[in-house]
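The primary structure of each chain is shown beneath.
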Amino acid sequence: MTSLERPRAAELAQPAPPSMRPALETATARPPQDEDAPPPKSFWARHEHALLGTISMLVFLSFWEASVDLGWVNPLFTSSPSRIVRTAIEMFADGSILVDMQVSGFEFVVGYGAAIIIGVPLGILMGWYSRVDAVLDPFVSALYATPRIALLPLVMIWFGIGLMSKIAIVFLGAIFPILVNTITGVRTVNADFVKVARSFGSNDWQMFLTVVLPSSVPLLLTGLRLGLGHALVGIVVGEMYG
């Protein structure tokens, strides 16, 4: 290095003056901005689904209330949201509805719980073992295709008019969606998962717990959700007939 280059190198090696240090530190600490990053979503974009559902319900309830208040619909044949709310407040206040809710809740819990306890294991067995499916599939298909309303007279004859007949109606409404979806979920298990589990020496019980049941969870939850709706309908039908 020549004598002329040495002062220049010394100047470059010297630290920046104190007045320039904050600007340099800020420029160094500032993270690089991603020019391709999407702009932040608005409140409507983030909650569009919930807002649209809320608005549609408010519009429907407003139209319903207005149709009754303006005389478009005879109040003798249909009520209005405000009248329903007032009646519900009165029934909760005097406690007259609590006993009915307890009875209906018991019917729902017992009937829907029995449908889960019977439908899920039976669906796993029918989906996994072809011989079990061959024996039970004709009965399941026939009962699944039969309208549950057609079985109500038999239910009334077998269980009488009372609590057991209502539980049976809830059970019949909920078990078939759970059973059919469980069978479908077991049959759609990835064959590679089964081969790997078999290669590690898994027995049928381990196969059910580690492969079949986890793989069939999506369709199983779908069956439980459909069965829940049918069970609620079964409560209403049971109360009407029983």
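Just so you know, these numbers come straight off a predicted model, no measurement behind them.

About the criteria used
Throughout, residues of each chain are indexed from 1 in the direction in which the sequence is written. Where local features are concerned, this predicted model is filtered to residues with pLDDT of at least 70; where side-chain atom pairs are given and counted, the filter is 80 or more; whole-chain, interface and lining totals use all residues. Computation of side-chain values: all heavy atoms of the structure, hydrogens and water removed. Segments assigned H or I by DSSP are reported as helices when at least four residues long, segments assigned E as strands when at least two residues long, and all are numbered from the N terminus. Contacts are assigned to residue pairs that have any heavy atoms within 4.5 Å of one another. Calculation of accessible area relied on Shrake-Rupley with a 1.4 Å probe; when residues are assessed, cover is drawn exclusively from the protein chains displayed. Patch definition: residues above 30% relative accessible area lacking any salt bridge, with like charges linked at up to 9 Å and the nonpolar side chains Val, Leu, Ile, Met, Phe, Trp and Tyr linked at up to 5 Å. By salt bridge we mean one thing: a side-chain nitrogen of Lys or Arg within 4 Å of a carboxyl oxygen of Asp or Glu. Planes of paired rings set the category: under 30 degrees apart is stacked, over 60 is edge-to-face and the rest tilted, where pairs are Phe, Tyr or Trp rings (Trp by its six-membered ring) whose centres lie within 6.5 Å. Whether a set of points on the 1 Å grid over the protein atoms alone is a cavity depends on a 1.4 Å probe fitting there but being unable to get out, while an open set qualifies as a pocket with protein on both sides within 12 Å along at least five of seven lines; lining residues are those with an atom within 4 Å of a point. Grid points are joined across faces, edges and corners, and a volume is the space filled by probe spheres set on the points. Residue classes follow a fixed rule: Ala, Val, Leu, Ile, Met, Phe, Trp, Tyr, Cys and Pro count as nonpolar, while Asp, Glu, Lys and Arg count as charged, and any other residue, Gly among them, counts as polar. When accessible area is computed with a 1.4 Å probe and restricted to protein chains, residues below 20% of their type maximum are described as buried, those above 50% as exposed, and intermediate ones as partly exposed. Positive: Lys, Arg. Negative: Asp, Glu. His and the chain ends are not part of the count. To get an axis, fit a line to the C-alpha atoms, keeping to the stretch in contact for a helix; angles then go from 0 to 180 degrees between the N-to-C directions. An angle counts as roughly parallel when it lies under 35 degrees, as roughly antiparallel when it exceeds 145, as roughly perpendicular when it falls between 65 and 115, and as oblique in every other case. A clockwise turn of the near helix away from the far one marks a right-handed crossing, whereas an anticlockwise turn of less than a right angle marks a left-handed crossing.

Caption draft 1: View of the overall build of the protein chain. Each helix and strand counted, the protein chain has 12 helices and zero strands in total. The order of helices and strands in the protein chain, counted from the N terminus, is α-α-α-α-α-α-α-α-α-α-α-α. Nonlocal contacts in the protein chain, meaning residues at least 24 apart in sequence, comprise 68% of its contacts between residues at least 6 apart. Of the roughly 16900 Å² of accessible surface on the protein chain, 69% is carried by carbon and sulfur atoms.

Caption draft 2: Representation of a nonpolar patch on the surface. On the surface, a nonpolar cluster with roughly 480 Å² of combined accessible area is contributed by Val99, Val103, Phe106, Val109, Val110 and Leu163. Element by element, the count of residues in the nonpolar patch is highest for helix H6 (residues 96-128), at five residues. Locating Val103 in the fold gives a position in helix H6.

Caption draft 3: Just the pattern of salt bridges, in detail. If you walk through the whole model with that rule in mind, you get three salt bridges. Measuring nitrogen to oxygen at the nearest pair gives 3.5 Å for the salt bridge that ties Glu239 to Lys166. One end of the pair, Glu239, is in helix H12 (residues 217-241); the other, Lys166, is in helix H9 (residues 163-187), and 73 residues separate them in sequence. Connected through shared salt-bridge partners, Glu107, Lys166 and Glu239 make up one network.

Caption draft 4: Spotlight on the packing of aromatic side chains. Enumeration over the complete set of coordinates arrives at four aromatic pairs. Relative to Trp72, the ring of Phe63 has its centre 6.2 Å away and its plane inclined at 50°; by these criteria the two rings are tilted. Between Phe108 and Tyr112, the aromatic rings sit 5.4 Å apart at their centres with planes inclined by 10°, giving stacked as the arrangement. Of the two residues, Phe108 and Tyr112 are both situated in helix H6; the distance of four residues between them amounts to about one turn of the helix.

Caption draft 5: Quick peek at the layout of surface pockets. A volume near 170 Å³ is recorded for the largest pocket. What lines the largest pocket is Arg148, Ile149, Leu152, Val155, Ile169, Leu172, Gly173, His230, Val233, Gly234 and Val237. At the level of elements, helix H8 (152-159), H9 and H12 are the ones that each hand at least two residues to the lining of the largest pocket. Across the lining of the largest pocket, the residue classes break down as seven nonpolar, three polar and one charged.

Caption draft 6: Local environment of the side chain of Glu65. The topology assignment puts Glu65 in helix H4 (residues 48-69). For the buried Glu65, no salt bridge is present, and the opposite-charge side chain at shortest range is Arg86, 6.1 Å distant. Leave out the neighbours within four places in its chain, and Glu65 touches Ser80, Pro81 and Ser82.

Caption draft 7: Structural view of the environment of Asp137. One can find Asp137 in helix H7 (residues 130-145). With a relative accessible area of 33%, Asp137 lands in the partly exposed category. In the structure, Asp137 is positioned 11 residues away from Met126 in sequence and 8.0 Å away in space, judged by C-alpha atoms.

Caption draft 8: Quick peek at the packing of H6 against H9. Following both chains from N to C, one finds H6 and H9 inclined at 30°, their axes separated by 6 Å at the closest point. Here H6 lies roughly parallel to H9, going by the angle between them. Crossing hand, H6 versus H9: right-handed. Tallied by class, the residues present in the contact of H6 with H9 amount to 24 nonpolar, five polar and three charged.

Caption draft 9: Here's a closer look at the environment of Ala197. For Ala197, the location among the structural elements is in helix H10 (residues 191-199). Accessibility expressed as a relative area gives 8% for Ala197, which makes it buried. Considered as a pair, Ala197 and Val211 are 14 residues apart in the sequence and their alpha carbons are 7.7 Å apart. Residues within four places of Ala197 in sequence aside, it is in contact with Ser202, Met207 and Val211.

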